[in-house]
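What the coordinates show
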Amino acid sequence: MNLRPHHLLCIQKYQGYGYSPAFTEHMNHITNLLKRTPETSVQLVSKCDDICTACPNCKARRCTEAQKTASLDQAVMTACHLAYHQVYSWKTLSQTADEMIFQTEQFQKICTCCEWYSLCKEREIPYGTDC
């Protein structure tokens, strides 16, 4: 599975809301798959990923919010000491994001500019901790 780095956070804080019904259905599928199979291989990418395919902000495989998403991605990469094009297990990535972002002040620093932040900050138990 290909994922943008900031989606490591989105997946763990996901609560069933989305940009559109099609996006929500797609996100439900991905989050359920990762919850059932935490050893799923994930490659970190800097372009539209497997989640983006259903996003209304993805036009012709390009993000219409490219500057914002690139900034979020870089912040996650830096905080978690990750590398693009490396393959990790979902379990490793979710635990790393939990330890390096959710359990620190980095969550607020990285995510406050996101339109979903108010929902995500209410979710206390990140998705990845039950793997």
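One can find the structure itself at the top, above this paragraph.
What this report covers is the structure whose coordinates are included nearby. (Residues numbered from 1 in each chain as written. Predicted model: local features only at pLDDT ≥ 70, side-chain atom pairs only at ≥ 80, totals over all residues. Heavy atoms only, no water.)

1. Focus on unusual backbone geometry
Where we set the bar: Think of it this way: any DSSP run of H or I at least four residues long counts as a helix, any run of E at least two long counts as a strand, and we number them from the N terminus. Only protein chains enter the accessibility calculation, which uses a 1.4 Å probe. A residue is then buried if its area is under 20% of the maximum for its type, exposed if over 50%, and partly exposed in between.
In the Ramachandran plot, His81 falls in the positive-phi region, its phi being about 55° despite a non-glycine side chain. Of note in this structure, His85 is not a glycine but carries a positive phi near 70°. Tracing the chain through its elements places His85 in the loop between helix H3 (66-80) and strand S5 (87-89). On the basis of relative accessible area, His85 is assigned to the exposed category, the value being 54%.

2. Topic: the packing of H3 against helix H4 (residues 90-102)
Rules: Between N-to-C directions, angles span 0 to 180 degrees; the directions come from axes that are lines fitted to C-alpha atoms, helices contributing only their stretch in contact. By definition in this entry, angles of less than 35 degrees are roughly parallel, angles greater than 145 are roughly antiparallel, angles of 65 to 115 are roughly perpendicular, and the rest are oblique. Only heavy atoms matter for contacts: two residues are in contact if any of them lie within 4.5 Å across the pair. Polar here means any residue other than Ala, Val, Leu, Ile, Met, Phe, Trp, Tyr, Cys and Pro, which are nonpolar, and Asp, Glu, Lys and Arg, which are charged; Gly is therefore polar.
In the contact formed by H3 and H4, the axes pass within 9 Å of each other and the chain directions differ by 95°. Taken together, H3 and H4 sit at an angle that is classed as roughly perpendicular. Contact residues: H3 offers Val76, Ala79 and Cys80, while H4 offers Thr96, Ala97, Met100 and Ile101. Split by residue class, the contact of H3 with H4 holds six nonpolar, one polar and no charged.

3. What to know about the sheet that holds S5
To be explicit about the condition: In short, DSSP must find at least two bridges between two strands for them to pair.
Strands sit in the order S1-S2-S5 across an open sheet of three strands; the sheet is mixed. Each edge of the open sheet is held by one strand with a lone partner, namely strand S1 (2-3) and S5. Bridging between S1 and strand S2 (residues 41-44) involves two bridges; their strand directions are parallel. Along S2, the bridge assignment pairs Leu3 with Leu44. The sheet contacts of H4 involve S1, S2 and S5, and relative to S5 the element is tilted by about 80°.

4. Side note on the packing of aromatic side chains
Here is the rule: Stacked, tilted and edge-to-face are the three classes applied to pairs of Phe, Tyr and Trp rings, where Trp contributes its six-membered ring and a pair requires centres within 6.5 Å; stacked means planes under 30 degrees apart, edge-to-face means over 60, and tilted covers the rest. Should the NZ of a Lys or the CZ of an Arg lie within 6 Å of a ring centre and within 35 degrees of the ring normal, that charge is described as sitting over the ring.
Applying the stated rule across the entire model yields four aromatic pairs. Ring centres 5.1 Å apart and planes at 70° place the aromatic pair Tyr19 and Phe23 in the edge-to-face group. On the accessibility criterion, Phe23 (7% relative accessible area) is buried. For Tyr19, a relative accessible area of 34% gives the class partly exposed. Following the ring pairs from residue to residue traces out a cluster consisting of Tyr19, Phe23 and Trp116. A cation over an aromatic ring shows up here: Lys13 above the ring of Phe102, its NZ or CZ 4.8 Å from the ring centre.

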